Amino acid sequence: MAPRTTGARLQAATHHTGARRPGAHLTGRTARHPPLTSHLTSLENVLSSHSRPDITVVIATRLRPERLGYLAELHASLMRQTVPWEAALVLDGADRALLPEPLAADARIRVVELPRPVGAAAARNLGLRMVRTPLVCYMDDDDVVPDDSLAVRHQRITETGLGWVAGWSADLHPDGSTTIWRCPTPPGVHQPGDVTGYWASPEAQIPLGQTMLLAQTDLVIAAGGHGGLPAGEDFLMVNGVTNLAAGELLPHVVYFYRQHPHQMTAGGVAYRDLRGPSRDFAFRHGRALRSALRYARARGQELVS
């Protein structure tokens, strides 16, 4: 996932220390919002391990040796989810033989092999092509998710019929502590185009991160999936999804973004040189898309009236 942080962000965020299992120490914080989880127990009783999943998790990976342990931890966190799921694991030119055994043996994971590396955006889009469930979300191969990550968002999107539902993310530091990222988009329901308005400038905090979203699959396809940028392809996906449909941000942590030396976004000068132009294009894309859609809606109303 493209970097979201600035120095101001880390100063403003709430820092938690002393927790070794991601998510365990956040239980007290997230439990303050009972409307989001009050029906999870009954939902879990209805669903069984044999239920047909509504959710596909798309994960693009190059199976780099230094990240295989992180991928195994992500898989372990998926195995603790309380709603059925399946995954499209896209091997971006990687050798399938490198796949950790627990993932290779999991029938819920469909491996999508690409003959050569194509980059994050194309890999995710080719994974999206294989999705056969009504809902889709994205995860990176070096991150982890709390146990109720899918259930909380699935319950809400099912209840409301919204196009997307997101939750907060938190940085996961090497010592096991976390820092919740309270993104510029406030909790609550947002109409199409509202999220774009919370991105103040290309250099400012992005309004939402792509891994925070659970969305209707057809909506993500209609939005064009991930865009053709080397550093910000996920921004274009968020722009498309949140401009095309209403959604909701829940004040509940659903994703842990791991901080470590082998992050793809720590790719040196070549990555940093392209980050600014990519953010500038993504910023302009969001506003141009919002304007075009609002004009089309207004024009349609004029024609009807």
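Up top you'll find the structure we're talking about.
Attention in this report is confined to the structure presented alongside it. (Residues numbered from 1 in each chain as written. Predicted model: local features only at pLDDT ≥ 70, side-chain atom pairs only at ≥ 80, totals over all residues. Heavy atoms only, no water.)

### Describing the side chain of H154
Turning to its location among the elements, H154 is positioned in helix α8 (residues 149-160). Within the local environment of H154, its side chain forms a polar contact with the side chain of D54, the two groups lying 2.8 Å apart. (Helix = DSSP H or I, 4+ residues; strand = E, 2+ residues; numbered from the N terminus. Polar contact = N/O pair within 3.5 Å; in protein donor to acceptor, adjacent residues only side chain to side chain.)

### Describing the nonpolar core
Formed by 41 residues in total, the largest nonpolar core has its most connected members in W164, L208 and V220. The residues touching V220, leaving out its near neighbours within four places in the chain, are L128, V136, Y138, A215, G225, M237 and V241. (Core = buried A, V, L, I, M, F, W, Y, C linked by side-chain atoms within 4.5 Å. Buried < 20%, exposed > 50% of the residue type's maximum accessible area, 1.4 Å probe, protein only. Contact = heavy atoms within 4.5 Å.)

### Observations regarding unusual backbone geometry
A positive phi is found at L63, a non-glycine position, where the angle reads about 50°. Considering the arrangement of structural elements, one finds L63 in the loop between β2 (55-61) and α5 (68-79). You can call L63 buried: its relative accessible area is 1%.

### Things to note about the pairing of strand β6 (residues 164-172)
Burial runs high along β6: nine of the nine residues are buried. Note: β6 against strand β9 (residues 213-216), three bridges, orientation antiparallel. From the neighbouring strand, W164 faces β9, where its bridge partner is A215. As paired elements, β6 and strand β10 (residues 247-258) share nine bridges and run parallel to each other. Bridging from a neighbouring strand, D171 pairs with Y257 of β10. Here four bridges tie β6 to strand β7 (residues 178-181), and the two strands are oriented antiparallel to one another. Looking across to β7, one finds that D171 is bridged to T179. Connecting β6 to the antiparallel partner β7 that follows it, the hairpin turn spans five residues, and G176 within it adopts a positive phi of roughly 90°. (Pairing = 2+ DSSP bridges.)

### Regarding the pattern of salt bridges
The final tally for this structure, using the stated rule, is 14 salt bridges. When the shortest N-O distance is used, the salt bridge between D147 and R80 registers 3.1 Å. Here D147, found in the loop between β5 (135-140) and α8, pairs with R80, found in the loop between α5 and β3 (85-91); they are 67 residues apart in sequence, far enough to count as distant. Between R124 and E233 there is a salt bridge, with the nearest N and O atoms lying 2.9 Å from each other. Residue R124 is located in helix α7 (residues 120-128), and its partner E233 is located in helix α10 (residues 233-244); the two are separated by 109 residues in the primary sequence. When its relative accessible area of 6% is taken as the criterion, R124 is described as buried. One continuous salt-bridge network, built from bridges that share partners, spans R67, D141 and D142. (Salt bridge = Lys/Arg side-chain N within 4 Å of Asp/Glu carboxyl O.)

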